[in-house]
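One-letter residues, chain by chain:
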Amino acid sequence: MKMQSPWARFYSNSCCLCCHVRTGTIILGVWYLIINSVVLLILLSALADPDLYHLPNNELRNDFDFMDDANMCIATSISLLMILICAMATYGAYKQHAAWIIPFFCYQIFDFALNSLVAVSVLVYPNTIQDYIRQLPANFPYKEEIMSVNPTCLVVIILFFISIILAFKAYLISCVWNCYRYINNRNSSDVLVYVTTNDTTVLLPHYDESGSGTAKEPPPPYVSA
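Quick caveat: nothing in here was measured; it's all calculated off a predicted structure.

### Some words on empty space enclosed by the protein
Tallied over the entire structure, the rule returns one cavity of 30 Å³ or more. Within this model, the largest cavity holds a volume of roughly 50 Å³. Taken together, Tyr-32, Gln-108, Asp-111, Lys-169, Leu-172 and Ile-173 form the lining of the largest cavity. Listed by contribution, the elements that provide at least two residues to the lining of the largest cavity are α4 (102–124) and α7 (151–189). Here the element with the most residues in the lining of the largest cavity is α7; it accounts for three residues.

Laid out in structure tokens, this is it:
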């Protein structure tokens, strides 16, 4: 009986019930690439013209004083790195290079771990939500309505939305992982195959090589004695 690893049960060549995992990874990589490109354009425009995103309210301006030039440069560097990682994942899925998908997969794991830590912190320290809401500016939208909600219900609602986000991120991680496995297995299947019989071992050539090879001469005609 052939033993299967636990991860093999979650392996599938389709994602979102309609497309292949390779196509889904390309779409996901392009989507992240567009988002990070938009963020990069906003950061570069803010660095070029700081008054373009000037906050008229003094209270809001004091809350966002930490966005100085140094932090903006760090955020720009992170955006550039994310664009590179997303471009590598898209290229790797399109050209079927499994190694190019690994950085994007590691980023997904890191992002999932951060969101899990947020969920754990909300569950362990539920009072921090109320403290965070109190620190928001007075003209923050729906601040009074949020403060009037029961703290227990507020924690349950936030954990519910975080759980949905984590489930969605876990599904995207599985899609990228299945794409990596698909490309890796496909590339490994292109290796020369051996067929072993009882007394002989035959080396099968690659399909392309066998099709492109020169035709052998036909055998001589049979002559009866």
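### Here's the deal with the confidence of the model for the protein chain
On average, residues of the protein chain score 75 in pLDDT, and 67% of them reach the 70 mark or higher. For residues 55–66, every residue scores under 50 in pLDDT, and the model assigns this stretch twelve contacts once sequence neighbours within four places are set aside.

### With respect to the UniProt feature "transmembrane region" (unreviewed entry) in the protein chain
In this structure's numbering, the residues bearing the UniProt feature "transmembrane region" (unreviewed entry) are residues 30–48, 74–94, 101–126 and 146–168. What you have in residues 30–48 is 100% helix and 0% strand, and the ends, taken at the C-alpha atoms, are 26 Å apart. For residues 146–168, the end-to-end C-alpha separation is 25 Å, with 87% helix and 0% strand making up the annotated structure.

### Some remarks on the nonpolar core
Core analysis: the biggest nonpolar cluster contains 16 residues, and Leu-28, Ile-101, Phe-104, Cys-179 and Ile-183 have the highest contact counts within it. Among the elements of the structure, α1 (21–48), α3 (69–95) and α7 are those that each provide at least two residues to this core. Contact partners of Phe-104, with chain neighbours within four places excluded, come to Leu-28, Tyr-32, Ile-85, Cys-86, Ala-89 and Val-176. Among the nonpolar cores identified, the runner-up in size contains nine residues, and Val-122, Ile-129, Ile-133 and Ile-162 belong to it.

### Points about the packing of aromatic side chains
Applying the stated criterion across every chain, the model contains seven aromatic pairs. Judged by centre distance (6.0 Å) and plane angle (85°), the rings of Tyr-32 and Tyr-107 are edge-to-face. Pair noted here: Tyr-32 is in helix α1 and Tyr-107 is in helix α4, with a separation of 75 residues, a long-range link. With relative accessibility at 15%, the residue Tyr-32 sits in the buried group. Tyr-107 gets classed as partly exposed once you look at its relative accessible area, which sits at 22%. An angle of 35° between the planes, with centres 5.5 Å apart, marks the rings of Phe-105 and Trp-177 as tilted. In this pair, Phe-105 sits in helix α4 while Trp-177 sits in helix α7, placing the two residues 72 residues apart along the sequence. Accessibility expressed as a relative area gives 30% for Trp-177, which makes it partly exposed.

Procedures and definitions
- Residues numbered from 1 in each chain as written.
- Predicted model: local features only at pLDDT ≥ 70, side-chain atom pairs only at ≥ 80, totals over all residues.
- Heavy atoms only, no water.
- 1 Å grid on protein atoms, 1.4 Å probe; cavity = no way out; pocket = protein on both sides within 12 Å on 5 of 7 lines; lining within 4 Å.
- Points joined across faces, edges and corners; volume = space filled by probe spheres on them.
- Helix = DSSP H or I, 4+ residues; strand = E, 2+ residues; numbered from the N terminus.
- pLDDT = per-residue confidence, 0-100.
- Contact = heavy atoms within 4.5 Å.
- UniProt positions renumbered as here; feature names shortened; annotations may be inferred.
- Core = buried A, V, L, I, M, F, W, Y, C linked by side-chain atoms within 4.5 Å.
- Buried < 20%, exposed > 50% of the residue type's maximum accessible area, 1.4 Å probe, protein only.
- Phe/Tyr/Trp six-rings, centres within 6.5 Å; stacked < 30°, edge-to-face > 60°.

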